[in-house]
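Structural characterization, general
Now for the letters of each chain:
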Amino acid sequence: KNEVEQSPQNLTAQEGEFITINCSYSVGISALHWLQQHPGGGIVSLFMLSSGKKKHGRLIATINIQEKHSSLHITASHPRDSAVYICAVSGYSGGGADGLTFGKGTHLIIQP
Amino acid sequence: EPEVTQTPSHQVTQMGQEVILRCVPISNHLYFYWYRQILGQKVEFLVSFYNNEISEKSEIFDDQFSVERPDGSNFTLKIRSTKLEDSAMYFCASSVSGGMGSPLHFGNGTRLTVT
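For the structure given in this document, a descriptive report is provided here. Please read all numbers here as calculations on a predicted model, not as lab measurements.

1. Section: the overall build of chain A
Looking only at helices and strands, chain A has zero helices and eleven strands in total. Each helix and strand of chain A, ordered N terminal to C terminal, gives the series β-β-β-β-β-β-β-β-β-β-β. A globule of 112 residues ought to have a C-alpha radius of gyration of about 13 Å, and chain A, at 14 Å, matches this closely. Residue burial in chain A is summarised as follows: out of 112 residues, 46% are buried. Of the contacts made within chain A by residues no fewer than 6 positions apart, 55% connect residues no fewer than 24 positions apart. Of the charged side chains in chain A, 8 are positive and 7 negative; the average position of the first set lies 5 Å away from that of the second.

And the structure:
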């Protein structure tokens, strides 16, 4: 069973700061997902990656498969980035419909 | 942009009653999932569904739970004889392909309150 750990649990920063959220997992995976959950509860998929680095706007996600570690970076942070950021991993199964194992999330607050 | 839709957004039921949570996945998606999140806790996988059958299920998904795709568009989660500890947000998700093939698209969730 994969254990997914995120750090920090809570992060408060000022607008414009560079943000880094970390995720580590214990067992090899087929893919790692970064998700965003807003106060209303809805979940949005930000990235799915299995190697290297992906960028979308001000968000960057990296993964190091050997070290079983991923980071999510937010450049030029803005109050609208305030949300819970969740790391989740999918394992290997023959059927392909792998359930995700989730971390506890990082609660990010960006102050103006 | 196509969305996964869930109804109702909030369901209140009495302990021991049966509830059905409904989801309409994105139309060209083939893999469907249910997840739940108890208040203040992390999201947990319940079940995945592909080709009209359960593909994978967690230890949470016991005989109290069942899933069904009754027609070409709906995907339902039935919870029989609800318990207080079933109170949670239930998320439906879908994807074009499973595994590392494509990202998940989540619905906005159904908040189930068992009293």
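2. Focus: the state of the cysteines
For the coordinates displayed, the defined rule picks out two disulfides over all chains. Between the sulfur atoms of Cys23(A) and its disulfide mate Cys87(A) the distance is 2.0 Å. With the S-S bond torsion at -60°, the cross-link from Cys23(A) to Cys87(A) turns out left-handed. Residue Cys23(A) is found in strand S3 (residues 19-25), and its partner Cys87(A) is found in strand S9 (residues 83-90); the two are separated by 64 residues along the sequence. Comparing Cys23(A) with Cys87(A) shows no difference in burial state: the two are buried. Here Cys23(B) engages in a disulfide with Cys92(B); their sulfurs sit 2.0 Å apart. The chirality of the disulfide connecting Cys23(B) with Cys92(B) is left-handed, given an S-S dihedral of about -65°. Note that Cys23(B) is positioned in strand S3 (residues 19-24) and Cys92(B) in strand S9 (residues 88-95), a separation of 69 residues in sequence. We classify Cys92(B) as buried; its relative accessible area is 0%.

3. A short note on the interface of chain A and chain B
Between chain A and chain B, the contact holds 21 residues from the first and 22 residues from the second. When chain A packs against chain B, the two sides together hide about 1,700 Å² of surface, and 60% of this comes from carbon and sulfur. Of all the secondary-structure elements, those providing two or more residues to the side of chain A that touches chain B are strand S4 (31-37), strand S5 (43-49) and strand S10 (100-102) of chain A. For the side of chain A that touches chain B, the residue count by class is seven nonpolar, twelve polar and two charged.

Cut-offs and rules
- Residues numbered from 1 in each chain as written.
- Chains lettered and ligands numbered in written order.
- Predicted model: local features only at pLDDT ≥ 70, side-chain atom pairs only at ≥ 80, totals over all residues.
- Heavy atoms only, no water.
- Helix = DSSP H or I, 4+ residues; strand = E, 2+ residues; numbered from the N terminus.
- Rg over C-alpha atoms; globule rule 2.2 N^0.38 Å.
- Buried < 20%, exposed > 50% of the residue type's maximum accessible area, 1.4 Å probe, protein only.
- Contact = heavy atoms within 4.5 Å.
- Lys, Arg positive; Asp, Glu negative; His and termini not counted.
- Charge placed at Lys NZ, Arg CZ, Asp CG, Glu CD.
- Disulfide = S-S within 2.5 Å.
- Buried area = accessible area lost by both parts, 1.4 Å probe.
- Nonpolar A, V, L, I, M, F, W, Y, C, P; charged D, E, K, R; others polar.

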